[in-house]
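The residues making up each chain are set out below.
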Amino acid sequence: MGFEVFEGPEIENDYYNFTALNTPADHPARDMQDTFYLSPDLLLRTQTSAGQIRVMEKKKPPIKILSPGKVFRSDDDATHSPMFSQMEGLVVDTGITLCDLKGMLDEFARKVFGENVKTRLRPSYFPFTEPSVEVDVSCFECGGKGCRLCKGTGWIEVLGAGMVNRHVLEGCDIDPDVYTGFAFGMGIERIAMLKYGINNMKLLFEGDTRFLKQFKG
């Protein structure tokens, strides 16, 4: 679909991981219980979204990038891990709208979960996008009728997205009255767990060949 790949550093500074992404100083995401700090200003990145700032500082629109990589958060249970893989997507150009985001996500969902899968957007909040949305796909297990996987709703949440906040664009010297953009972020392991019915994220990191042999690239 014309995306370039950008891989940012896993050790980030506060500016790229939080401040430039419109995250105020008192935002809960900055709390020590969520973030691994190496010093008052350096940390293990909590999101690959930091990469979009680095790209927008150096490159002017049109921009169309994917930023994959490891991210780190102080969280650990069956569906969360202190380290996991994320992929951020960013598109900035003239005339970009939420409809462009929806169309791209529709194509993504069909490729990953099947041709009959549909997507829907629900209002949400992220500091670096406005408006922000949570993205659901129609349940690929039951076809939207309701089952254990979708908890009877017919829908499964897969990622977060939205239109790039104008303050984020301004901070990168991109005129928000001329250019607009959308961004989306997904946990790669979460997508794999949903697609293949894996109920514990730790199975993805243990390297057990009995588990790995079930999947062919």
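Heads up: the structure comes first, above all this text.
Reference entry: report on the structure contained in this document. (Residues numbered from 1 in each chain as written. Predicted model: local features only at pLDDT ≥ 70, side-chain atom pairs only at ≥ 80, totals over all residues. Heavy atoms only, no water.)

## Considering the environment of Ile 191
Filter applied, for reference: Secondary structure elements are defined from DSSP: runs of H or I of at least 4 residues count as helices, runs of E of at least 2 residues count as strands, and each element is numbered from the N terminus. Burial classes: relative accessible area under 20% of the type maximum marks a residue as buried, over 50% as exposed, and values in between as partly exposed (1.4 Å probe, protein chains only). In this description, contact between two residues means that some pair of their heavy atoms is separated by no more than 4.5 Å.
Position of Ile 191 relative to the elements: it lies in helix α5 (residues 188-196). Its relative accessible area of 9% is what places Ile 191 among the buried residues. Through-space distance from the C-alpha of Ile 191 to that of Glu 157 is 9.8 Å; in sequence the pair is 34 residues apart. Once residues within four sequence positions are removed from consideration, Ile 191 is found in contact with Val 112, Phe 113, Val 158 and Met 186.

## A word on the packing of aromatic side chains
Note the following rule: Note on aromatic pairs: the rings of Phe, Tyr and Trp (six-membered ring only in Trp) are paired at centre separations within 6.5 Å, and the planes decide the class, stacked below 30 degrees, edge-to-face beyond 60, tilted for the rest. Two conditions define a charge sitting above a ring: the NZ of Lys or the CZ of Arg must be within 6 Å of the ring centre, and it must be within 35 degrees of the ring normal.
The final tally for this structure, using the stated rule, is five aromatic pairs. Plain terms: the ring middles of Phe 113 and Phe 140 are 4.7 Å apart, the flat faces sit at 10° to each other, and that makes the pair stacked. Of this pair, Phe 113 sits in helix α3 (residues 98-113) while Phe 140 sits in the loop between β7 (129-138) and β8 (155-164), and the two are 27 residues apart along the sequence. Residue classification places Phe 140 among the partly exposed residues on the basis of a relative accessible area of 23%. With a centroid separation of 5.2 Å and 65° between ring planes, the pair formed by Phe 211 and Phe 215 is classed as edge-to-face. For Phe 211, a relative accessible area of 11% corresponds to the buried category. Aromatic rings pair up to connect Tyr 196, Phe 211 and Phe 215 into one cluster. Across the ring face of Phe 3, the terminal group of Lys 64 is positioned such that the distance to the ring centre comes to 5.0 Å.

## Considerations on a nonpolar patch on the surface
To keep things clear, this is the line we draw: Patch rule: a residue counts if its relative accessible area is over 30% and it has no salt bridge; like charges are joined within 9 Å, and nonpolar side chains (Val, Leu, Ile, Met, Phe, Trp, Tyr) within 5 Å. Computed with the Shrake-Rupley method and a 1.4 Å probe, the accessible areas treat only the protein chains shown as cover for residues. Whenever a carboxyl oxygen of Asp or Glu lies within 4 Å of a side-chain nitrogen of Lys or Arg, that contact is scored as a salt bridge.
Together, Ile 11, Leu 38 and Leu 42 make up an exposed nonpolar region whose accessible area comes to about 270 Å². Among the secondary structure elements, Leu 38 is positioned in the loop between α1 (14-17) and β3 (42-44).

## So, the sheet that holds β8
Each strand in a sheet pairs with its neighbour through backbone hydrogen bonds, running either in the same direction (parallel) or in the opposite one (antiparallel). For clarity, the cut-off: Two strands pair under a simple rule: DSSP has to find at least two bridges between them. What counts as an axis is a line fitted to C-alpha atoms, over the stretch in contact for a helix, and the angles between N-to-C directions run from 0 to 180 degrees.
Taking strand neighbours across the sheet as the criterion, the seven strands line up as β1-β4-β5-β9-β8-β7-β6 in an open arrangement whose pairing is mixed. Every interior strand has two partners, whereas the edge strands, β1 (4-5) and β6 (119-126), have only one. Sheet topology places β7 next to β8; eight bridges connect them, and they run antiparallel. Bridged to Val 137 within β8 is Ile 156. Most of the contacts of α5 go to β8, to which it runs at about 150°, and overall it touches β4 (63-72), β5 (83-93), β8 and β9 (180-187).

## Remarks on α5
Each turn of an α-helix holds 3.6 residues, which means side chains three or four residues apart point in the same direction. For α5, the set of buried residues is Glu 189, Ile 191, Met 193 and Leu 194. Buried positions along α5 lie against β4, β5, α3, β8 and β9. Once α5 finishes, Gly 197 follows within two positions and takes phi at roughly 70°, a positive value.

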